[in-house]
Amino acid sequence: MISNLIFLLLFKTFIVQAIMFHGVPNGQKCLREEVRQNVLIVGEIEVEQQPNQKVDYVVTDSKGHILAQNHDIGKSKFTFVTENYDTFEICFTTKVPFQQSYVAQEITLHIKRGVEAKNYELIGEAAKLKPMEVELKRLEDLSTSIVQDFVLMRKREVEMRDTNESTNNRVLYFSIFSMCCLLSLATWQVLYLRRFFKAKKLIE
């Protein structure tokens, strides 16, 4: 029981870590992440302000659909719920006037997903739950989320194993086919050379 609680706390800590990086002058820097279906995503962005430098961002899915975007941000927040298991990309574009030298801008991206993105205080108030009940509800949702992640990982493991086995079988068949071709070519070459030497009366 204690080890499970420690794992949950470590998992929670891992989820809420922020990412800090510097923008690319008059260019883009993108981050990608795979997220499963029906997951709430909440992102908070903070950009260090520099004179005449602007930072825009856009969040898209693998099909190019725009899920969130904003221009010339200082602080910004976006929220969306995933409809399918997909890879989502957030791109930051830094715009600097050509006559101005670029000053490094620090961009901080803080993303919460799933359980960490939910406001359990509001949920508790709406359902009139006690603090302990709210915490149990949060832990229940977190446990469910972990189980779903493990199910997804197991499904992907099965798919990768099937792909690996299929690839091994194809390589085996191709190797056998190649050996047969080489043996056939070698046999034909020996017979051809034998006929050639007989025609030249070099051998009997």
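Given the structure is predicted, the values throughout are model-derived calculations rather than measurements.

Chemist: Help me out: how do you make sense of the overall build of the chain in this one?
Modeler: Secondary structure summary: the chain contains 3 helices and 8 strands in total. Put simply, the chain runs from its N terminus to its C terminus through helices and strands in the order α-β-β-β-β-β-β-β-β-α-α. In terms of C-alpha radius of gyration, the chain reaches 30 Å, well past the compact-globule figure of 17 Å for 204 residues. Taken along the three principal axes of its C-alpha coordinates, the chain extends 100 × 60 × 30 Å. When burial is assessed residue by residue, the chain has 25% of its 204 residues classed as buried. Taking all contacts inside the chain whose residues are at least 6 apart in sequence as the whole, residues at least 24 apart take part in 78%. Taking the 26 positively charged and 25 negatively charged side chains of the chain as two groups, their mean positions are separated by 12 Å.

Chemist: How should I be thinking about the packing of aromatic side chains in this particular structure?
Modeler: When we look at a pair of aromatic rings, we describe it by the centre distance and by the angle of the planes. Going through the model one piece at a time under the given rule, you end up with 7 aromatic pairs. Between the aromatic rings of F21 and F92, the centroid separation amounts to 5.4 Å while the plane-to-plane angle is 65 degrees, which identifies the pairing as edge-to-face. Here F21 is found in strand β1 (residues 18-22), whereas its partner F92 is found in strand β7 (residues 86-95), with 71 residues between them in sequence. Of the two residues examined, F21 and F92, each falls in the buried class. Aromatic ring contacts, followed pair by pair, group F21, Y57, F78, F80, F88 and F92 into a single cluster.

The rules behind these values
Residues numbered from 1 in each chain as written. Predicted model: local features only at pLDDT ≥ 70, side-chain atom pairs only at ≥ 80, totals over all residues. Heavy atoms only, no water. Helix = DSSP H or I, 4+ residues; strand = E, 2+ residues; numbered from the N terminus. Rg over C-alpha atoms; globule rule 2.2 N^0.38 Å. Buried < 20%, exposed > 50% of the residue type's maximum accessible area, 1.4 Å probe, protein only. Contact = heavy atoms within 4.5 Å. Lys, Arg positive; Asp, Glu negative; His and termini not counted. Charge placed at Lys NZ, Arg CZ, Asp CG, Glu CD. Phe/Tyr/Trp six-rings, centres within 6.5 Å; stacked < 30°, edge-to-face > 60°.

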